Number of protein chains: 2
Amino acid sequence: MATPRFDIIGQALSDASRTRMLCELMEGRSFTNKELAGAAGITAQTATAHLRLLQDAGLVVAEKRGRCVFHRLAGPEVAQVLEQLAGIAPTDSLYRAQRHKAKDLAQVRSCYDHLAGPLAVAMTEALLARGHLRQDNGGFVAVAGPVWARLGVALPTATSRKPFVRPCLDWTERRLHLAGPLGTQILTQALAADWLRRPSRGRGLVVTQPGLRAFHDILGLGARLERINVTPPREDA
Amino acid sequence: MATPRFDIIGQALSDASRTRMLCELMEGRSFTNKELAGAAGITAQTATAHLRLLQDAGLVVAEKRGRCVFHRLAGPEVAQVLEQLAGIAPTDSLYRAQRHKAKDLAQVRSCYDHLAGPLAVAMTEALLARGHLRQDNGGFVAVAGPVWARLGVALPTATSRKPFVRPCLDWTERRLHLAGPLGTQILTQALAADWLRRPSRGRGLVVTQPGLRAFHDILGLGARLERINVTPPREDA
DNA sequence: GCAACACTGCGGTGCGGAGCGAAGTGTTGA
DNA sequence: TCAACACTTCGCTCCGCACCGCAGTGTTGC
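Residues numbered from 1 in each chain as written. Chains lettered and ligands numbered in written order. Predicted model: local features only at pLDDT ≥ 70, side-chain atom pairs only at ≥ 80, totals over all residues. Heavy atoms only, no water.

A short note on the overall build of chain A
- When helices and strands are tallied, chain A shows 12 helices and 11 strands.
- For chain A, the proportion of contacts with a sequence separation of at least 24, taken over those separated by at least 6, is 56%.
- Surface exposure of chain A reaches about 11600 Å², of which carbon and sulfur atoms provide 52%. (Helix = DSSP H or I, 4+ residues; strand = E, 2+ residues; numbered from the N terminus. Contact = heavy atoms within 4.5 Å. Areas by Shrake-Rupley, 256 points an atom, 1.4 Å probe, with all protein chains shown as cover.)

Now the structure itself:
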């Protein structure tokens, strides 16, 4: 029989402690055993067992540095499947209430290594509308132009084999946004330029005043950003 | 915390008997309790418990007719997520061997309610190349023309809210193909016109001689179909 | 060398659930 | 009415595994 081994992945996802750790890792950063144990509310030795299971299932990879072990998602495709799964997760009333409560937080967030949520969708659609991005066989292709330099992105000179831009389906918006190396560059640059800031915990991001200006000047996102109801930027730390 | 409840879905997918039943249901048809029990190699009373769990997770719906209970996947989005999951399932050597062995069978197959596999990808790309299909914001839009009538498909007169054509990612090909109501119509028509036949078991389909002719005449798929290495059609039953 | 620290291994407990046999319910057809 | 049938419910056994306490290994910093 050629039945795909869903069960190996399913087994890995079947425990609430493991899914809490995975949600933590969805942010895209690496975390130590202890941090993940704390996030899941379990002891370190239990977390060790869970993480080995996730590793065996191919969802997570580990990297030893000194006396610490850093864990991260095995790749963007894992994050994408988890986002898809979140889309069909049962919507019991409690979960629905929680999702509503967390609405503001989810407005701007990172999905593994790129931006997600309404801001990402708005940016993608602005890039398409202004002709900086073109659709090609279900994927996106970047059109050379000065806008990319203003976003802090370097387009590859030669067209490489691997897709430079990959569409990723957003589970709250159910619309496409930018992933792939280009999406990664945009997020990295936005953090480096202090357009976005990552709070100490969680996947949520906050937009700063310079960020608001930049997104308005470069992409004309003024009106869309107001609807997004961003968390107000904090005072200088 | 607003952590999505992966674990409910994961729990449902974490057992090999349940995933065997789900693979059976991926074909898109309804099956009785007894049939699914047989496919999974378990007794009826055990299958009852499994199917209730799948129902609670929202993956499967049941319909009682007389003394029989028919089970089917809860919707196309469930089938799509399962296809995605199959794409990141661990590729141990045994599974790889099985997949290779089942290569011919997977050439033409149904994915819930539409065609999948290389034939579906080839059809989609032919429709795009000939301008019968257009890409729009990550989705497909059908362009009116005589080709649809030849395929036995009726396009909706008014543009409805729900997407008439939905792209679906193929896990063996990793390329987009047609899903949504249009994909369903194409599969239904191909079966009705005896272009494709469904064998007694499994998701695989066979292409008949009239089917080969039709796909060549309507879409110019002659060369692509040869590469697809279809199972030769059987003699009249 | 020694203490502090991060992580892993081992043994034990307790719970959930996969499986089946036996019995019960509801439907179909003779 | 009765037998055959599809499915469900109940009770039971057995196995896997989530969890922790405790002990051990390897690393860091004094």
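A closer look at the environment of B:Gly41
- Its location among the elements puts B:Gly41 in the loop between helix H3 (33-40) and helix H4 (44-56).
- Look at B:Gly41 and you get exposed, because its relative accessible area is 64%. (Buried < 20%, exposed > 50% of the residue type's maximum accessible area, 1.4 Å probe, protein only.)

What to know about the protein's contact with DNA strand C
- Around DNA strand C, 19 residues are found, and the nearest of them are A:Asn33, A:Lys34, A:Thr48, B:Gln45 and B:His50.
- Across the atoms of DNA strand C situated within 4 Å of the protein, the share located in sugar and phosphate is 75%.
- Separating a base oxygen of DNA strand C from a side-chain N or O atom of A:Arg67 is a distance of 3.3 Å.
- Taken together, the elements giving at least two residues each to the surface near DNA strand C come down to helix H3 (33-40) and helix H4 (44-56) of chain A together with helix H2 (16-25) and H4 of chain B.
- Among the residues making up the surface near DNA strand C, the classes are represented as two nonpolar, 11 polar and six charged. (Near = heavy atom within 4 Å. Polar contact = N/O pair within 3.5 Å; in protein donor to acceptor, adjacent residues only side chain to side chain. Nonpolar A, V, L, I, M, F, W, Y, C, P; charged D, E, K, R; others polar.)

As for unusual backbone geometry
- In this structure, A:Asp194 is a non-glycine residue whose phi angle is positive, near 65°.
- Its place among the elements puts A:Asp194 in the loop between helix H10 (180-192) and strand S10 (196-197).

So, the sheet that holds strand S1 (residues 31-32) of chain B
- The three strands are arranged S1-S3-S2 (chain B) in an open sheet whose pairing can be described as antiparallel. The two strands at the open ends of the sheet, each matched to only one other strand, are S1 and strand S2 (60-65) of chain B. (Pairing = 2+ DSSP bridges.)

Topic: the packing of aromatic side chains
Residues and elements named next belong to chain A.
- Taken as a whole and judged by the stated rule, the model has two aromatic pairs over all chains.
- Seen in terms of ring centroids, tryptophan 195 and phenylalanine 215 are 5.7 Å apart; in terms of plane orientation they differ by 70°. Their pairing is edge-to-face. Of this pair, tryptophan 195 sits in the loop between H10 and S10 while phenylalanine 215 is found in helix H11 (residues 209-219), placing the two residues 20 residues apart along the sequence.
- Residue placement shows arginine 65 over the ring face of phenylalanine 70; its charged tip is 4.8 Å from the ring centre. (Phe/Tyr/Trp six-rings, centres within 6.5 Å; stacked < 30°, edge-to-face > 60°. Lys NZ or Arg CZ within 6 Å of the ring centre and 35° of its normal.)

Thoughts on the protein's contact with DNA strand D
- The immediate surroundings of DNA strand D are formed by 19 residues, with A:Ser17, A:Gln45, A:His50, B:Asn33 and B:Thr48 found nearest.
- At 3.3 Å from a phosphate oxygen of DNA strand D is found a side-chain nitrogen or oxygen belonging to A:Thr46.
- Per-class residue counts for the surface near DNA strand D are two nonpolar, 11 polar and six charged.

Some words on the pairing of strand S3 (residues 68-73) of chain A
All names here are of chain A.
- Across two bridges, the pairing between strand S1 (residues 31-32) and S3 is antiparallel. The residue of S3 that forms the bridge with phenylalanine 31 is histidine 71.
- By the bridge criterion, six bridges tie strand S2 (residues 60-65) to S3 in an arrangement that is antiparallel. The partner of arginine 65 across the bridge, within S3, is cysteine 68.
- A loop of two residues connects S2 with S3, the two strands running antiparallel in sequence, and glycine 66 in this loop sits at a positive phi of about 65°.

Quick look at the environment of B:Phe31
Residue and element names in this part refer to chain B.
- Within the element layout of this structure, phenylalanine 31 appears in strand S1.
- Considered as a pair, phenylalanine 31 and methionine 21 are 10 residues apart in the sequence and their alpha carbons are 9.4 Å apart.
- Excluding residues within four positions of it along the chain, phenylalanine 31 makes contact with Glu24, Leu25, Leu36, Val69, Phe70 and His71.

Section: the side chain of A:Arg18
- Secondary-structure assignment places A:Arg18 in helix H2 (residues 16-25).
- One buried charge, A:Arg18, has no salt-bridge partner; the nearest side chain with opposite charge is A:Asp15, at 4.8 Å. (Lys, Arg positive; Asp, Glu negative; His and termini not counted. Salt bridge = Lys/Arg side-chain N within 4 Å of Asp/Glu carboxyl O.)

A short note on the nonpolar core
- Of all hydrophobic cores here, the largest spans 52 residues; its most connected members are A:Leu59, A:Leu73, B:Leu59 and B:Leu73.
- Those residues in contact with A:Leu73 that lie beyond four places of it in its chain are A:Leu22, A:Leu25, A:Met26, A:Leu59, A:Val60, A:Val61, A:Val78, A:Ala79 and A:Tyr112.
- Ranked by size, the runner-up nonpolar core spans 29 residues in total, among them B:Leu119, B:Val207, B:Leu219 and B:Leu221. (Core = buried A, V, L, I, M, F, W, Y, C linked by side-chain atoms within 4.5 Å.)

Regarding the packing of H3(A) against H4(A)
Residue and element names in this part refer to chain A.
- Viewed as axis vectors pointing N to C, H3 and H4 meet at an angle of 100°, and their least axial separation amounts to 9 Å. The pairing of H3 with H4 is recorded here as roughly perpendicular in orientation. Residues Asn33, Leu36 and Ala37 of H3 form the contact with H4, whose participating residues are Ala44, Ala47, Thr48 and Leu51.
- Among the residues forming the contact of H3 with H4, the class breakdown is five nonpolar, two polar and no charged. (Axes fitted to C-alpha atoms, helices over the stretch in contact; angles between N-to-C directions. Parallel < 35°, antiparallel > 145°, perpendicular 65-115°, else oblique.)

Focus: the pattern of salt bridges
Residues and elements named next belong to chain B.
- Tallied over the full model, the rule gives six salt bridges over all chains.
- A salt bridge links arginine 197 to aspartate 194; its shortest N-O distance comes to 2.8 Å.
- Residue classification places arginine 197 among the partly exposed positions, given a relative accessible area of 26%.
- The class for aspartate 194 is partly exposed, based on a relative accessible area of 27%.

Details of the packing of H2(B) against H3(B)
Residue and element names in this part refer to chain B.
- Running from N to C, H2 and H3 point in directions that differ by 120°, and their axes come no closer than 8 Å. Taken together, the axes of H2 and H3 lie oblique to each other. Note on packing geometry: the crossing formed by H2 with H3 is right-handed. Of H3, the residues touching H2 (which contributes Ser17, Arg20, Met21, Glu24 and Leu25) are Leu36, Ala39 and Ala40.
- Among the residues making up the contact of H2 with H3, the classes are represented as five nonpolar, one polar and two charged. (Left-handed = near helix turned anticlockwise from the far one by under 90°.)

Structural notes on the sheet that holds S3(A)
- Reading across from one edge, S1-S3-S2 (chain A) is the order of the three strands in this open sheet, with antiparallel pairing throughout. At either margin of the open sheet sits one strand with a lone partner, and together these are S1 and S2 of chain A.

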